[in-house]
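Residue strings, one per chain:
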Amino acid sequence: MGEHILLRISDLTVNFHDGNGGLEALDSVDLDVPECRFLTVLGPSGSGKTTLLRIIAGLLKPTTGSVRFNTPEGNLPRVGLVFQQANLMPWRTVIENITLPLELQGVHRGYACDRAREFIELVGLDGFENSLPRNLSGGMAQRVALARALIMEPDLLLLDEPFGSLDALTREHMGTELLRIWQNRETTVMMVTHSISEALLLADRVVVLSARPGRIIREIDVPFPRPRSDAIRYSQEFVELARDLRSSIMDVSEPMPVEKRNNHFRNAGRE
């Protein structure tokens, strides 16, 4: 049997209009997201990666095309979203920030706190239940944001560059922690990142977008078996695949001048 497709994006185009004219952010994007898989999205700055996540989350509407969830009939999809900034409520403690989605659903406070403690343990924040956000490091705050999204038990978890504001070492550590958490839960995840190493460590599939307007120019299935560990970053196969993906992104990061592009294609057959 084939994979169950949780999300199907068809011929998605997004145009923004303002007083200075129009901006085409995404063009004819077609993408299937299988259930219980981890998908990462790479691409140059301005390629529409965040716009794509916001469309899926229902925060923006597409100009044309469709986004369809394949959930049981009558059930609205549960979508969790974690941004680059943790966006915690500064007056609420760690456990109170995590229980917020359940409180908004009218869940009994005692049950909500019990569930929150499970996710506090999952994300490695034992002992910080009653800490306020101002007393947390950036990595710890992102763990709270992740737990807050996961407590909803989302059908799809969207991660928009969640470790982008962290220093390099903390970011690498948080990538390893996210790998551990995902391998524990196996939630369907779609994550935007600028880090090729992060994308390959975490994902089952990597999608590469072109420069604006964003089009899918490449999809690869990541060949490394699970469970994975951080040590895989140093294998020869990992390094070669990362180099290959970097080349794909560099090729589309800057539009090639017309004359240079024509010469490029004329010479391509001679190489």
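Attention in this report is confined to the structure presented alongside it. (Residues numbered from 1 in each chain as written. Predicted model: local features only at pLDDT ≥ 70, side-chain atom pairs only at ≥ 80, totals over all residues. Heavy atoms only, no water.)

### Structural notes on the packing of aromatic side chains
One pair of aromatic rings is described through two measures. These are the centre distance and the angle between the planes. Taken as a whole and assessed by the stated rule, the structure comprises 2 aromatic pairs. With centroids separated by 5.9 Å and ring planes inclined at 70°, the aromatic side chains of Phe38 and Trp182 adopt a geometry described as edge-to-face. Note that Phe38 is positioned in strand E3 (residues 38-42) and Trp182 in helix H5 (residues 168-185), a separation of 144 residues in sequence. Per residue, the accessibility class of Phe38 equals that of Trp182, and both read buried. Here Phe224 and Phe238 contribute two aromatic rings whose centre-to-centre distance is 5.6 Å and whose plane-to-plane angle is 25°, an arrangement assigned as stacked. Taken together, the residues Phe224 in the loop between strand E9 (216-221) and helix H7 (236-253) and Phe238 in helix H7 connect sequence positions 14 residues apart. The exposure class of Phe238 is buried, given its relative accessible area of 2%. (Phe/Tyr/Trp six-rings, centres within 6.5 Å; stacked < 30°, edge-to-face > 60°. Helix = DSSP H or I, 4+ residues; strand = E, 2+ residues; numbered from the N terminus. Buried < 20%, exposed > 50% of the residue type's maximum accessible area, 1.4 Å probe, protein only.)

### Structural notes on the pattern of salt bridges
Applying the stated criterion to the full structure yields 18 salt bridges. One salt bridge in this structure joins Arg171 and Glu161, with 2.6 Å as the shortest N-O distance. Placement of the pair is Arg171 in helix H5 and Glu161 in the loop between strand E6 (156-160) and H5, with a sequence separation of 10 residues. On the basis of relative accessibility, which here comes to 16%, the residue Arg171 falls in the buried class. Under the relative-accessibility criterion, Glu161 is labelled buried at 7%. With its nearest N and O atoms 3.1 Å apart, the salt bridge here joins Glu198 to Arg171. In this pair, Glu198 is assigned in helix H6 (residues 196-202) and Arg171 in helix H5, connecting sequence segments 27 residues apart. The two residues Glu198 and Arg171 agree in class, both being buried. The network of salt bridges with shared partners includes Glu3, Arg37, Arg205 and Asp221. (Salt bridge = Lys/Arg side-chain N within 4 Å of Asp/Glu carboxyl O.)

Everything listed here is a matter of coordinates, which is why it stays silent on function.
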